[in-house]
Amino acid sequence: MDDQSTVDKVGGAGNPVQERRRAAVPAPRTAEAAAGPSPQSASAGPPRRTARRPRVFGIPLRGLSLIALVVLLAATVAATLATRALLRDQEKRLLQERAGEVGLILTQAVSALQAPLSALGAVAALSHSSPTAFATVAGPQIQTHPGTRALLVARPTKNGAYAVQVAAGSGFAAGDTITGARARTFDQALQGQGKPAATPIITEGGQRYIGLALGPPAAPDGAVVYDEIKLSAPTTATASTSSAPFAELDIALYASTQQNPRQVVVATTDQLPLTGQISAVKQPIGTTTWLLVAKSRQPLVGSIAASAPWWVLGAGLVGTILVVLVLEMTFRRRDFALDLVDERTQELRASLRQLESTQEQLVHKERLAAVGQLAAAVGHELRNPLGVISNALYLIRRAVPAGDPVAERHLGIAEREVGAATLIVADLLEFAKNRQPIMTDVDIVGLVEESLEVAAPPSNVSVEWEPGPGRPLIRADRDQLRQVLVNLIVNACDAMPGGGTLAIRLTDGKETLHLDVVDTGGGMDESTRQCIFQPFFTTKARGVGLGLAVSERVVRVHGGHLGVDSAPGLGSTFTVTLPHHDQPAEGRA
Amino acid sequence: MSAHVLVVDDEPGMRETLADILTAAGYRVTVACDGDAALDEVTAGPYQAVVMDIRMPGRDGVSTLRAMGPPPPYVIMMTGYAVDEQLREAVAAQAFAVVHKPFHVGHMLELVATAVEGAA
């Protein structure tokens, strides 16, 4: 029976009304229980996201943050290097520009030198190297340019040497022979086709000289005109902060194609040769090639710009850290939030499950209560027709001739069945309503005899009724007590389907009254015996299983006790114990 | 002169069978279908015993019982489906006995006999 099993599961013992009350009480506790275990379940919940994470310097980072870190660092380094390269490039170009300007100035200076020399040469040519004419022009020139050592015209002689035709200044006189570097320069000038040629630095007597030679057409045919200048100490250091032009450069002019320390024409520093970031430009002096080397003393781009790469690096690093931090924080918060959501979702699910289960239970109990009430109502309704049938059977028995076997048999059947129906209804109603007893003085002996009549044992059961002496009275609800007795008798007979003996013994004590109902049936094992008084428990194929539960409760409410003694194969003895003095009703059982 | 018993029940089946049982037992039986009719009968009287159903339409058994007294005659209350409250009220209103349907006929006859004896 479905209802039976489900009610057993719910553990409902007692009438539906009480069930509802009892159901209401545990509900808050189960709701609490739903809230209770959830923190524990959360801590043992899904693995936190921070658990699986690569670590940088021991700090867990997410993959994306790691990538961002690497990318940004690389970008920073690249930017720094690019900035440096850019600056270097810029610096180089600026240096070249400035060096170019210096070169230009040098070229102009040479041109400036070349002009008077050409004029001198023209005079010499026209005057056929007349010394007086030469001196007339050369003299003022020497005075105008005090650095000039000598001005002369020379012609090649044998063996590559040259003879001075005319001279002005010091160091040379007409007729002198010139050899060596000067002579080589003269050769160059003669082949120069009008372009001058410069000597290397010539050191004589502790003094440095340098000269410029010019051949025809500026000079007489086959001759060179030559201007020699005294050179001061090579280095004229200028402070880098002075407002002189090119103060920001270290410049060195070499009368050679390489940084030859003996050929330094002029330099603004003595840290020679210039190395590192230099601009080395070959300066043509006519047909000679000199080398102009320049180097910046300070960053030409400016010190602030020069430190740009460091700023880029710094900014890049700071930016990288910031971005990674922000990323990390964002992810962390998201993970935290997600973890929280997971946690709450789990808690919610658990609560929902609890709620569903509780609701199911409540609905079930409500249904049971409703069914119980319906059953009670139906039971009530049945009592009237059963009463009428019972009366009618009595009247039929009276009308029928006594001893008529057919009538006797069928009347007996009808009476028994009405009795059975009455018992079912009575048990159901008593279980459902748990009626408070109405105490009267009950003749227990008469009640037993009435019960035996109502629940007439079958013919194969012999009845032993030992009322004992006297007719004791007991304070009880007569109808309820009769229900108990009828239930016990019916049970005993049901235990002896093949027949047996039903013994009822009444023992009246001073304080209590004992009634034993004994059968010689199969008996019960321990587990059955323990369940026998539970509602809806039955070992029979038919029957609701309420009879003994109701009987036990009725006896208990009367202040007494219903117990059973049984063993397999030895039958059962049910004992009703009732107090003699009127027990105050101990409330609802 | 045999004792006069009043049977009060709105259900014809119960009313008629009980009346037949009591008549067969030798009593003079009058039936009433509801509380008001019962009151009229009792006033007209005299009755040695009354067997009355508790649940009846209109005036119910307990109210009728109260109206019959005080003190009421010997009234045996019958009930198929009375609530506890009504039973207590019946007892409080001095019903002679309260019997549940279906009742044991022998027991009912005993009660009526005792009531009639008491009324005499």
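Being a predicted model, the structure only gives us computed values, none of them experimental.

1. Brief notes about the overall build of chain B
- In terms of regular secondary structure, chain B is built from five helices and five strands.
- Reading the helices (α) and strands (β) of chain B from amino to carboxyl end gives β-α-β-α-β-α-β-α-β-α.
- Expressed as a percentage of the 120 residues in chain B, the buried residues total 52%.
- Looking at chain B as shown, the accessible area adds up to about 4900 Å², and 51% of this sits on carbon and sulfur atoms.

2. Notes on the overall build of chain A
- Looking only at helices and strands, one finds 14 helices and 20 strands in chain A.
- Counting the 589 residues in chain A, one finds 40% classified as buried.
- Of the contacts formed within chain A by residues at least 6 apart in sequence, a portion of 66% connects residues at least 24 apart.

3. Quick word on the pattern of salt bridges
Residues and elements named next belong to chain A.
- Summed over all chains, the structure comprises 27 salt bridges over all chains.
- As a salt-bridge pair, Arg98 and Glu101 come within 2.7 Å of each other at their nearest N and O atoms. Residue Arg98 and its partner Glu101 are both found in helix α5 (residues 63-126); the two are separated by three residues, about one turn of the helix.
- For Arg98, a relative accessible area of 25% corresponds to the partly exposed category.

4. A look at the packing of aromatic side chains
- Tallied over the entire structure, the rule returns five aromatic pairs over all chains.
- Three or more aromatic residues link up through ring pairs in this structure, and these residues are Tyr162, Phe186 and Tyr226 of chain A.

5. Concerning the interface of chain A and chain B
- Facing the 25 residues of chain A at the interface are 26 residues of chain B.
- Taken together, the two surfaces of chain A and chain B that pack against each other cover about 2300 Å², and 58% of this comes from carbon and sulfur.
- When the buried surface of chain A facing chain B is broken down by residue, Arg383, Asn384 and Asn391 of chain A rank first, second and third, together holding 25% of it.
- Here chain A is connected to chain B by eight residue pairs in polar contact (both at pLDDT 80 or more).
- At 13 residues, the largest contribution of residues to the side of chain A that touches chain B is made by helix α9 (residues 308-399) of chain A.
- Here the residues of the side of chain A that touches chain B are counted per class, giving seven nonpolar, seven polar and eleven charged.

6. Comments concerning the environment of Arg88 of chain B
Residues and elements named next belong to chain B.
- Relative to the assigned elements, Arg88 resides in helix α4 (residues 84-92).
- When its relative accessible area of 42% is taken as the criterion, Arg88 is described as partly exposed.
- Placed 26 residues apart in sequence, Arg88 and Val62 show a C-alpha to C-alpha distance of 9.8 Å.

7. Section: the sheet that holds strand β12 (residues 278-285) of chain A
Residues and elements named next belong to chain A.
- Sheet architecture is open: four strands sit in the order β11-β10-β13-β12, paired in antiparallel fashion. Edge positions in the open sheet fall to β11 (264-267) and β12, since each of these has one partner strand only. Each adjacent strand pair in this sheet contributes to an overall mean axis angle of 20 degrees, direction not counted.
- Set on the sheet, α5 makes contact with β10 (249-254), β12 and β13 (288-296); between it and β12 the angle comes to about 20 degrees.

8. As for the confidence of the model for chain B
All names here are of chain B.
- For chain B, per-residue confidence averages 89 on the pLDDT scale, and residues scoring 70 or more make up 98% of the total.
- Across chain B, element-level confidence peaks in strand β2 (residues 28-32) with a mean pLDDT of 96 and bottoms out in α4 with 82.
- Our summary of model confidence lists the complex with pTM equal to 0.52 and ipTM equal to 0.93.

9. A few points about the sheet that holds strand β5 (residues 97-100) of chain B
Residues and elements named next belong to chain B.
- If you trace the five strands from one edge of the open sheet to the other, you get β2-β1-β3-β4-β5, paired in parallel fashion. Either end of the sheet is taken by a strand with one partner, and the two such strands are β2 and β5. Sheet twist, expressed as the average angle between the axes of neighbouring strands with direction ignored, equals 20 degrees.
- The sheet contact formed by strand β3 (residues 49-53) and strand β4 (residues 75-79) spans four bridges and is parallel. Counterpart to Asp53 in the pairing with β4 is Met78.
- Strands β3 and β4 of the sheet are contacted by helix α3 (residues 61-68), whose axis makes an angle of about 155 degrees with β3.

10. Remarks on the layout of surface pockets
- Taken as a whole, the second largest pocket encloses approximately 860 Å³ of empty space.
- Contributions of two or more residues to the lining of the second largest pocket are made by α9, α10 (405-433), α11 (444-454) and α12 (478-494) of chain A together with α5 (105-119) of chain B.
- In terms of residues, the lining of the second largest pocket owes the most to one element, α10 of chain A, which gives eleven residues.
- Taken together, the residues of the lining of the second largest pocket break down into 15 nonpolar, 13 polar and 13 charged.

11. Considerations on the packing of helix α2 (residues 35-44) of chain B against α3 of chain B
All names here are of chain B.
- Two elements in contact, α2 and α3, have axes separated by 9 Å at closest approach and are oriented at 20 degrees. With respect to α3, the axis of α2 lies roughly parallel. For α2 against α3, the interelement crossing comes out right-handed. Counted together, Gly35, Ala38, Leu39 and Val42 of α2 and Thr64, Ala67 and Met68 of α3 form the full contact between these two elements.
- Among the residues forming the contact of α2 with α3, the class breakdown is five nonpolar, two polar and no charged.

12. Some points on a nonpolar patch on the surface
- Taken together, the side chains of Leu64, Ile67 and Val71 of chain A make up a nonpolar region of the molecular surface, amounting to roughly 280 Å² of accessible area.
- Within the secondary structure, Val71 of chain A is located in helix α5.

13. Things to note about the pairing of β2 of chain B
Residues and elements named next belong to chain B.
- Two elements, strand β1 (residues 4-8) and β2, share five bridges in a ladder whose sense is parallel. Residue Val5 lies in a different strand from β2, and its bridge partner there is Val29.
- The handedness of the β1 to β2 crossover, carried by helix α1 (residues 12-24), is right-handed.

14. Quick look at α10 of chain A
Residue and element names in this part refer to chain A.
- Given a rise of 1.5 Å per residue, 29 residues ought to cover 42 Å, and the 41 Å separating the end C-alpha atoms of α10 matches this to within 8%.
- Sitting at the head of α10, Asp404 places a side-chain oxygen 3.1 Å from the backbone nitrogen of Val406.
- Once α10 ends, the next one or two residues include Asn434, with phi positive near 50 degrees.

15. Considering the side chain of Thr30 of chain B
- Inspection of the secondary structure assignment puts Thr30 of chain B in strand β2.
- A distance of 3.4 Å separates the side chain of Thr30 of chain B from the side chain of Tyr47 of chain B, its partner in a polar contact.

16. Focus on the pairing of strand β9 (residues 224-231) of chain A
Residue and element names in this part refer to chain A.
- Counting buried positions along β9 yields six of eight residues, so the element is predominantly enclosed.
- Relative to β9, strand β8 (residues 207-214) runs antiparallel, the two being bridged by seven bridges. Residue pairing across strands places Arg208 opposite Leu231, the latter belonging to β9.

17. Details of the confidence of the model for chain A
Residues and elements named next belong to chain A.
- Of the residues in chain A, 87% have a pLDDT of 70 or more, and the chain-wide mean is 83.
- Of all the helices and strands in chain A, helix α1 (residues 2-10) carries the lowest mean pLDDT, 42, while strand β20 (residues 572-579) carries the highest, 95.
- Segment residues 1-44 is flagged for pLDDT under 50; beyond a separation of four residues in sequence, or across chains, it makes 42 contacts in the model.
- Note that residues 585-589 has pLDDT below 50 and, in this model, 14 contacts with residues that lie over four places away or in other chains.

18. Side note on unusual backbone geometry
- Omega for the peptide link from Pro216 of chain A to Pro217 of chain A comes to 5 degrees, which places this bond in the cis form.
- Along the chain, Pro217 of chain A turns up in the loop between β8 and β9.
- Here the amide bond leading from Lys101 of chain B into Pro102 of chain B is cis, since omega sits at -15 degrees, within 30 degrees of zero.
- Relative to the helices and strands, Pro102 of chain B is located in the loop between β5 and α5.
- A positive phi angle is found at Gln193 of chain A, which is not glycine, with a value near 55 degrees.
- Note on placement: Gln193 of chain A falls in the loop between α7 (180-191) and β6 (197-198).
- Using a relative accessible area of 73% as the deciding quantity, one classes Gln193 of chain A as exposed.
- In this structure, Asn434 of chain A is a non-glycine residue whose phi angle is positive, near 50 degrees.
- As for its position among the elements, Asn434 of chain A is in the loop between α10 and β14 (440-443).

Criteria and cut-off values
Residues numbered from 1 in each chain as written. Chains lettered and ligands numbered in written order. Predicted model: local features only at pLDDT ≥ 70, side-chain atom pairs only at ≥ 80, totals over all residues. Heavy atoms only, no water. Helix = DSSP H or I, 4+ residues; strand = E, 2+ residues; numbered from the N terminus. Buried < 20%, exposed > 50% of the residue type's maximum accessible area, 1.4 Å probe, protein only. Areas by Shrake-Rupley, 256 points an atom, 1.4 Å probe, with all protein chains shown as cover. Contact = heavy atoms within 4.5 Å. Salt bridge = Lys/Arg side-chain N within 4 Å of Asp/Glu carboxyl O. Phe/Tyr/Trp six-rings, centres within 6.5 Å; stacked < 30°, edge-to-face > 60°. Buried area = accessible area lost by both parts, 1.4 Å probe. Polar contact = N/O pair within 3.5 Å; in protein donor to acceptor, adjacent residues only side chain to side chain. Nonpolar A, V, L, I, M, F, W, Y, C, P; charged D, E, K, R; others polar. Pairing = 2+ DSSP bridges. Axes fitted to C-alpha atoms, helices over the stretch in contact; angles between N-to-C directions. pLDDT = per-residue confidence, 0-100. 1 Å grid on protein atoms, 1.4 Å probe; cavity = no way out; pocket = protein on both sides within 12 Å on 5 of 7 lines; lining within 4 Å. Points joined across faces, edges and corners; volume = space filled by probe spheres on them. Parallel < 35°, antiparallel > 145°, perpendicular 65-115°, else oblique. Left-handed = near helix turned anticlockwise from the far one by under 90°. Patch = residues over 30% accessible without salt bridge, like charges linked within 9 Å, V, L, I, M, F, W, Y side chains within 5 Å. Right-handed = clockwise from strand over helix to strand, strands pointing away. Expected span 1.5 Å × (residues − 1).

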